[in-house]
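Report on the structure
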Amino acid sequence: MKKEFIEKAYQIAKEQYAEYGIDTDTVIQKMNEVVISLHCWQTDDVGGFEKPEATLSGGGIQATGNYPGKAKTIAQMRQDLDKVMSLLPGKQRLNLHAIYGEFGGKLVDRNQIDVEHFQGWIDWAKERGMGLDFNATCFSHPRAEDGFTLSSKNEENRKFWVEHVKRCRKIAAEMGKQLGKPCVHNTWIPDGSKDVPIDRNGYRTLLKKSLDEAFSAEYPKEFMKDAIESKLFGIGAESMTVGSHDFYLGYAVKNNKLICLDNGHFHPTEQVGDKISACLQFVDEILLHVTRPIRWDSDHAVTLNDEIQLIASEIVRNNFFKRVNIGLDFFDASINRIGAYVIGTRAAQQAFLIAMLEPTETLKAYEEKGKNFERLALLEVLKTRSFGAVWDYYCMVNNVPAGGEYISEIQKYETEVLLKR
Ligand code: RNT
Ligand code: ZN
């Protein structure tokens with residue numbers, strides 16, 4: 001797209017939004033507050049590098065598809081992430097999983113991992129001025145095969161996973177310390193039961209005990225923050241999930257942890273956007289896993305839909321940026337993986353931009369006066385305003401492709417890099 005064209009369209013949009021009291025230049029500045037944590041696992045379908053050809057297994061999560069070009073080494077993964085970031089405006093963080101350490105060809109079991117295996121990533125992030133986030137990997141492992149980890153009745157397995165989470169928290173704290181930006185460590189476990197269990201209570205008591213043990217070491221919150229992620233059900237764990245929303249919200253409130261809300265982990269008509277202001281009455285911070293669940297926790301690439309819009313709007317309307325950590329969580333292996341990242345991240349960013357282009361005070365005033373027709377009408381009118389012109393301009397000033405220009409960039413990367421793997 002021609003620079004003059006983008007500028008011209010922007011000037012018109014700027015005047016349009018000014019009519020509603022919105023200054024688009026200020027909005028573009030404010031977009032700096034939107035820092036999205038890129039989940040590393042879209043590069044390789046949640047395989048990791050513990051051993052060659054590692055694949056995702058168990059846990060009720062699945063990556064479907066076998067589009068060519070998957071990252072097979074950490075070097076390829078880094079190359080892909082750099083490519084992704086070159087196509088995104090603004091600054092991102094990187095969210096790593098414990099299976100993505102540099103293990104030097106040795107089998108380092110999960111209860112053995114340490115900072116040294118992630119020093120390369122810390123240095124990589126430092127060079128790019130990025131923050132890191134981290135996750136224990138409590139799936140794709142022989143000790144998770146029976147479907148239970150931190151809530152396992154097999155004491156040896158339970159202890160193994162407690163040790164893993166402890167080590168991951170230590171690594172996370174070191175990441176935050178070295179990078180000067182707090183690292184959010186998220187714990188998600190697959191534990192659950194395919195068929196109707198008898199001892200729901202027993203498993204939940206064990207999970208509480210394991211979390212208490214795993215979280216026993218305290219770290220300054222400038223270095224690391226703990227998040228715990230709930231889920232409704234997974235394939236193979238349809239009847240009961242030990243770490244349900246009630247369980248973790250209770251644990252988070254009582255122990256001052258972050259609650260992680262993944263919008264694929266609730267009944268389909270529940271909206272995570274509605275949960276943000278509810279949870280923030282009782283916890284200091286939230287972690288979001290932004291995804292697109294189609295009928296179930298399918299983890300499709302995020303698109304600009306009502307669900308992501310409500311999430312973004314709630315954060316912007318209440319200026320919750322310091323209290324809501326935004327992470328992505330999808331893994332589509334059926335399309336170009338770099339493309340999936342870029343579509344998903346740009347969609348999330350666009351939702352924030354749209355939210356910032358809203359005359360919230362006017363809408364609130366309507367609401368408080370009971371002028372609900374006017375509120376609905378203005379919301380509808382806003383849908384038709386030229387946010388795309390503001391988006392293109394925002395991309396242009398960030399030196400990244402505007403509009404659909406990223407499509408050909410990704411096609412080129414596919415031919416030159418991905419198809420040669
Ligand atoms: C699984 C959870 C979890 C994972 C990642 C890979 O249902 O959403 O967050 O997707 O840890
Ligand atoms: Zn998630």
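Please refer to the structure higher up on the page.
Residues numbered from 1 in each chain as written. Chains lettered and ligands numbered in written order. Predicted model: local features only at pLDDT ≥ 70, side-chain atom pairs only at ≥ 80, totals over all residues. Heavy atoms only, no water.

**Here's the deal with the overall build of the chain**
Quick reminder of the rule: We count a stretch as a helix when DSSP gives it H or I for four or more residues in a row; a strand needs E for two or more, and each element gets its number in order from the N terminus. As a reference, a globule follows 2.2 Å times the number of residues to the power 0.38, and the radius of gyration itself is taken over C-alpha atoms. The cut-offs for exposure are 20% and 50% of the maximum accessible area for each residue type, with area from a 1.4 Å probe on protein chains only; residues under the lower value are buried, those over the upper are exposed, and the others partly exposed. Contact definition: two residues touch when any of their heavy atoms are within 4.5 Å. Exposure was quantified through the Shrake-Rupley algorithm and a 1.4 Å probe, taking into account, for residues, occlusion by the shown protein chains and nothing else.
Looking only at helices and strands, the chain has 14 helices and ten strands in total. Relative to the 2.2 N^0.38 estimate, which gives 22 Å for 421 residues, the radius of gyration of the chain is 22 Å and therefore close to what a compact globule would have. Dimensions of the chain along its principal axes, counting C-alpha atoms only, are 65 × 55 × 40 Å. Here the chain, with 421 residues, has 54% of them falling under the buried criterion. Taking the intrachain contacts of the chain between residues at least 6 apart in sequence as the baseline, contacts between residues at least 24 apart amount to 81%. About 18,600 Å² of surface is accessible on the chain, with carbon and sulfur atoms providing 51% of the total.

**Let's talk about the side chain of Ser-210**
Defined as follows: Here a polar contact is taken to be a pair of N or O atoms separated by no more than 3.5 Å, where protein atoms must pair a possible hydrogen donor with a possible acceptor and residues adjacent in sequence count only if both atoms sit in side chains.
Relative to the assigned elements, Ser-210 resides in helix 6 (residues 200-214). For Ser-210, a relative accessible area of 0% gives the class buried. Only 2.6 Å separates the side chain of Ser-210 from the backbone oxygen of Leu-150, close enough to count as a polar contact. Excluding anything up to four places from it in sequence, Ser-210 contacts Leu-150, Arg-158 and Val-162.

**Observations regarding the layout of surface pockets**
Rules: Lining residues are defined by having an atom within 4 Å of a point belonging to a cavity or pocket. Those points lie on a 1 Å grid over the protein atoms alone, cavities being sets where a 1.4 Å probe fits but cannot get out and pockets being open sets with protein on both sides within 12 Å along at least five of seven lines. Grid points are joined across faces, edges and corners, and a volume is the space filled by probe spheres set on the points. Each residue gets one of three labels, nonpolar for Ala, Val, Leu, Ile, Met, Phe, Trp, Tyr, Cys and Pro, charged for Asp, Glu, Lys and Arg, and polar for the others, Gly among them.
Estimated volume of the largest pocket: approximately 620 Å³. In terms of lining residues, the largest pocket is bounded by 20 residues, among which Asp-306, Gln-309, Ile-354, Leu-379 and Lys-383 are the most central. Going through the elements one at a time, helix 9 (306-317), helix 10 (337-356) and helix 12 (372-383) are the ones with two or more residues in the lining of the largest pocket. A breakdown of the residues in the lining of the largest pocket according to their chemical character gives ten nonpolar, four polar and six charged. Taken as a whole, the second largest pocket holds about 520 Å³ of empty space.

**Quick notes on the coordination of the zinc ion (ligand 2)**
Quick reminder of the rule: The donor set covers N, O and S atoms within 2.8 Å of the metal, switching to 3.2 Å for Na, K and Ca, and it leaves out water, so a site may look short of donors. Here the metal geometry follows the donor angles, with tetrahedral for four donors whose angles all fall between 85 and 135 degrees, square planar for four and octahedral for six when opposite donors are more than 155 degrees apart and every other angle is between 65 and 115, and irregular for all the rest.
Protein ligation of the zinc ion (ligand 2) involves Glu-229 (OE), Asp-262 (OD), His-289 (ND1) and Asp-329 (OD), the donor distances falling in the range 2.1 to 2.2 Å. Its six donor atoms give the zinc ion (ligand 2) angles of 72 to 169° at the centre, a pattern that matches the octahedral case. One chain supplies every donor to the zinc ion (ligand 2), and in sequence these donors are spaced E-x32-D-x26-H-x39-D. Of the two residues, Glu-229 sits in strand 6 (residues 224-229) while His-289 sits in strand 9 (residues 286-290), which places them 60 residues apart along the sequence.

**Brief notes about the site of ligand 1**
Selection rule: Whether a residue is near a molecule or strand depends on its heavy atoms: if one lies within 4 Å, it is near. A cavity or pocket is said to hold a molecule if more than half of that molecule's atoms lie within 2 Å of its grid points.
Around ligand 1, the neighbouring residues are Trp-41, Ile-61, His-97, Trp-188, Glu-229, Lys-231, Asp-262, His-265, His-289, Asp-297, Asp-329 and Phe-331. At 2.7 Å from an oxygen atom of ligand 1 is found a side-chain nitrogen or oxygen belonging to Glu-229. At a separation of 3.0 Å, an oxygen atom of ligand 1 approaches a polar side-chain atom of His-265. Notes on ligand 1: free accessible area 310 Å², of which the protein chains cover 99%. In a pocket analysis with a 2 Å cut-off to the grid points, ligand 1 is assigned to the largest cavity.

**Brief notes about empty space enclosed by the protein**
Applying the stated criterion across every chain, the model contains three cavities of 30 Å³ or more. Here the largest cavity is characterised by a volume of approximately 170 Å³. Its residues assigned to classes, the lining of the largest cavity shows seven nonpolar, six polar and six charged.

**Notes on the nonpolar core**
As a reminder of what qualifies: To form a nonpolar core, buried Ala, Val, Leu, Ile, Met, Phe, Trp, Tyr and Cys residues must be joined to one another through side-chain atoms within 4.5 Å.
Core analysis: the largest hydrophobic core is formed by 125 residues, its most contacted members being Trp-121, Phe-134 and Leu-288. If we skip the residues at most four places from it in the chain, Leu-288 touches Leu-261, Val-272, Ile-276, Ile-311, Ile-315, Val-324, Asn-325, Ile-326 and Gly-327. Among the nonpolar cores identified, the runner-up in size contains five residues, and Val-184, Leu-258, Cys-260 and Leu-287 belong to it.

**So, the side chain of Ser-151**
With respect to the secondary-structure elements, Ser-151 resides in the loop between strand 3 (132-135) and helix 5 (155-179). Here Asp-191 takes part through its side chain, which lies 2.7 Å from a polar atom of the side chain of Ser-151. Once you skip the residues sitting within four places of it in the chain, Ser-151 turns out to touch Asp-191, Tyr-203, Leu-206, Leu-207 and Val-242.

**Re unusual backbone geometry**
Here the phi dihedral of Ser-140 falls at roughly 50°; this positive angle occurs in a residue that is not glycine. If you trace the backbone, Ser-140 turns up in the loop between strand 3 and helix 5. According to the relative accessible area criterion, Ser-140 is buried, its value standing at 14%. Backbone geometry at Asn-319 places phi at a positive 45°, although glycine is not the residue there. Exposure remark for Asn-319: the relative accessible area of 48% places this residue in the partly exposed category.

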